[in-house]
Amino acid sequence: MDVRTGNGFDVHRFGPGDHVMLCGVAIPHDRGLQGHSDADVGLHTITDAIYGALAMGDIGQHFPPSDPQWKGAESHIFLTHAAGLVRERGFTLTHIDCTLICEHPKVGPHARAMRHKLQELLDISLDRISVKATTSERLGFTGRGEGIACLATATLVKP
Ligand code: MG
């Protein structure tokens with residue numbers, strides 16, 4: 001059996017807005033996240049973890065921020081591209097673990113909706129998708145409320 005893991009890390013800064021996109025779910029907030037696409041830091045991180053497990057570069061190589069066609073793009077496009085490569089290479093995505101780091105908005109109340117969204121996008125069972133959150137104890141840029149950071153691990157298996 002060929003088992004591979006990949007990690008992802010991403011950060012987006014806060015800017016003007018009334019909601020943030022996190023793992024495909026719109027969460028009302030007094031600010032938005034800035035980015036070339038919809039700035040969904042959760043989906044970007046998971047996408048990068050999958051590319052990492054495949055050793056196939058990163059999201060910026062597959063979807064260059066300099067390319068105007070990705071301006072405002074919904075980030076599920078990136079995730080489903082990575083998931084397609086997994087199938088193409090004969091692997092199965094068996095697990096995702098994602099940790100969002102911020103003081104606000106509170107992620108906990110939305111974690112279940114995020115897991116369901118990921119289940120829908122990745123077509124894997126809910127017990128293979130983990131979304132959790134932590135603060136950085138008010139330290140650093142996440143602690144000062146300047147942005148949201150995210151870490152993720154993806155596991156792929158080929159029988
Ligand atoms: Mg990003």
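We now turn to the structure provided with this report.

The rules behind each value
- Residues numbered from 1 in each chain as written.
- Predicted model: local features only at pLDDT ≥ 70, side-chain atom pairs only at ≥ 80, totals over all residues.
- Heavy atoms only, no water.
- Helix = DSSP H or I, 4+ residues; strand = E, 2+ residues; numbered from the N terminus.
- Buried < 20%, exposed > 50% of the residue type's maximum accessible area, 1.4 Å probe, protein only.
- Donors = N, O, S within 2.8 Å, 3.2 Å for Na, K, Ca; no water.
- Polar contact = N/O pair within 3.5 Å; in protein donor to acceptor, adjacent residues only side chain to side chain.
- Contact = heavy atoms within 4.5 Å.

## What about unusual backbone geometry?
- For the bond from His 104 to Pro 105, the omega torsion is 0°, close enough to zero to count as cis.
- You can see Pro 105 is positioned in the loop between β5 (92-101) and α4 (111-122).
- Of note in this structure, Asp 123 is not a glycine but carries a positive phi near 55°.
- Position of Asp 123 among the secondary structure elements: in the loop between α4 and β6 (129-134).
- Not every positive phi belongs to a glycine, and Arg 138 is a case in point at roughly 65°.
- You can call Arg 138 exposed: its relative accessible area is 67%.

## Side note on the coordination of the magnesium ion
- Protein coordination at the magnesium ion: the donors are Asp 10 (OD), His 12 (NE2) and His 44 (ND1), at 2.1 to 2.3 Å from the metal.
- On the primary sequence, the residues serving as donors to the magnesium ion are separated as D-x1-H-x31-H. Comparing Asp 10 with His 12, the two get one shared label, buried.

## Some details on the side chain of Ser 75
- Tracing the chain through its elements places Ser 75 in the loop between α2 (59-62) and α3 (76-88).
- One polar contact links Ser 75 to His 44, side chain to side chain, over a distance of 2.8 Å.
- Setting aside residues no more than four positions away along its own chain, Ser 75 makes contact with Ser 37, Asp 38, Ala 39, Asp 40, Leu 43 and His 44.

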